[in-house]
Structures are given as C-alpha cells and as structure tokens.
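# Structural features, examined
Letter by letter, the chains look like this.
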Amino acid sequence: CEHVGIELLNVADTIAAILKDNAALCMQVKETFLTQMIDAIAYWGRKPRWLNFFRVMLEINASPFKRNQDLILNLLLQRKEAVLDLTGDYTNSPSISKNDKRNGKNRLDLILSGEHKEEPKKSLVLYHVASLNILSLCTRGK
C-alpha cells in the first residue's frame, strides 16, 4: 500500500473501481489488506477519497454487505483516533500539522472559508463527511 500516498497515482480510486459491485471479489479481500489501507490513511493523512475507498466494500449493488460491514467497522474503530473525524474540530488536533493553515479551526470555520471547495482532495470538511458516511454504511441494514 506504499503507492497509496503518491499524489497523482490514485491507487485507492483504481482499486475501488475494480471492486465496485463485485461481491465475489470483495469477499476475497483479506483483513490484512484493509488494515494496510487504514494504516495508509494514518500515515499519509486524511484524504476523503482514501476513506471513500471503503464505500465499495460496504455495498454491493446498493445492498449492504454484512461481512465487510462488520470487518471494516471493527478496523476503523481500532484506529478511530487516527482515521475517523467525527467532530470536524481542529482547534487542538494532533491529526494535522501545526503549520497547516486549517489548524485551530472548527468545522464551521472551515465551511465558511470554503476549504472544501479550494482543495477537495485534501478537504478536512469532506473527510469529516466521509467519516460519518462510512460509519453509517457500516450500520446500514442492521
């Protein structure tokens, strides 16, 4: 998963496109691979598309995929501090650099500043939304 961090390579998007709506292939994805993807998020930083990668693993043809729901939810909760953003509050957050211009801001400040429009691939607002969406997909149909 070291390729995930290469800016223009779009590894997560490519893998997601291969897995989309393919139940047989999604069943073969091992927990170790999913763990590597979560580790990549923790290492390379919070990018919405990397978290959105898990969407294709959670729904097959718009139906919940229970095996992956339970697995991904457990993996996300194990690393929740590093990979989930449930508050959108960066007023005192260890998850972004002190030099980052978004440091010290909360969700409303970021929305009002248009942060999600300026750099959508790196948006903390969109990452917050992706975190909530992924958690809701993990519980859909239960």
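Just so it is clear, the structure is predicted and the values come from calculations on it, not from any experiment.

## Looking at the pattern of salt bridges
- Taken as a whole and assessed by the stated rule, the structure comprises seven salt bridges.
- Two residues, Asp39 and Arg79, come together in a salt bridge whose shortest N-O distance is 2.4 Å. Of the two residues, Asp39 is situated in helix H3 (residues 31–44) and Arg79 in the loop between helix H6 (66–78) and helix H7 (80–83); the sequence distance between them amounts to 40 residues.
- The class of Arg79 is partly exposed, set by a relative accessible area of 31%.
- Of the charged contacts, one joins Asp100 and Arg102 as a salt bridge, the two residues approaching to 2.8 Å between their closest N and O atoms.
- Asp100 gets classed as partly exposed once you look at its relative accessible area, which sits at 22%.
- For Arg102, a relative accessible area of 15% translates into the label buried.
- Shared partners join several salt bridges into a network, and the residues in it are Asp100, Arg102 and Glu115.

## Some remarks on the environment of Ala16
- Within the fold, Ala16 resides in helix H1 (residues 11–19).
- Aside from chain neighbours lying at most four places away, what touches Ala16 is Phe53 and Val56.

What counts, and at which threshold
Residues numbered from 1 in each chain as written. Predicted model: local features only at pLDDT ≥ 70, side-chain atom pairs only at ≥ 80, totals over all residues. Heavy atoms only, no water. Salt bridge = Lys/Arg side-chain N within 4 Å of Asp/Glu carboxyl O. Helix = DSSP H or I, 4+ residues; strand = E, 2+ residues; numbered from the N terminus. Buried < 20%, exposed > 50% of the residue type's maximum accessible area, 1.4 Å probe, protein only. Contact = heavy atoms within 4.5 Å.

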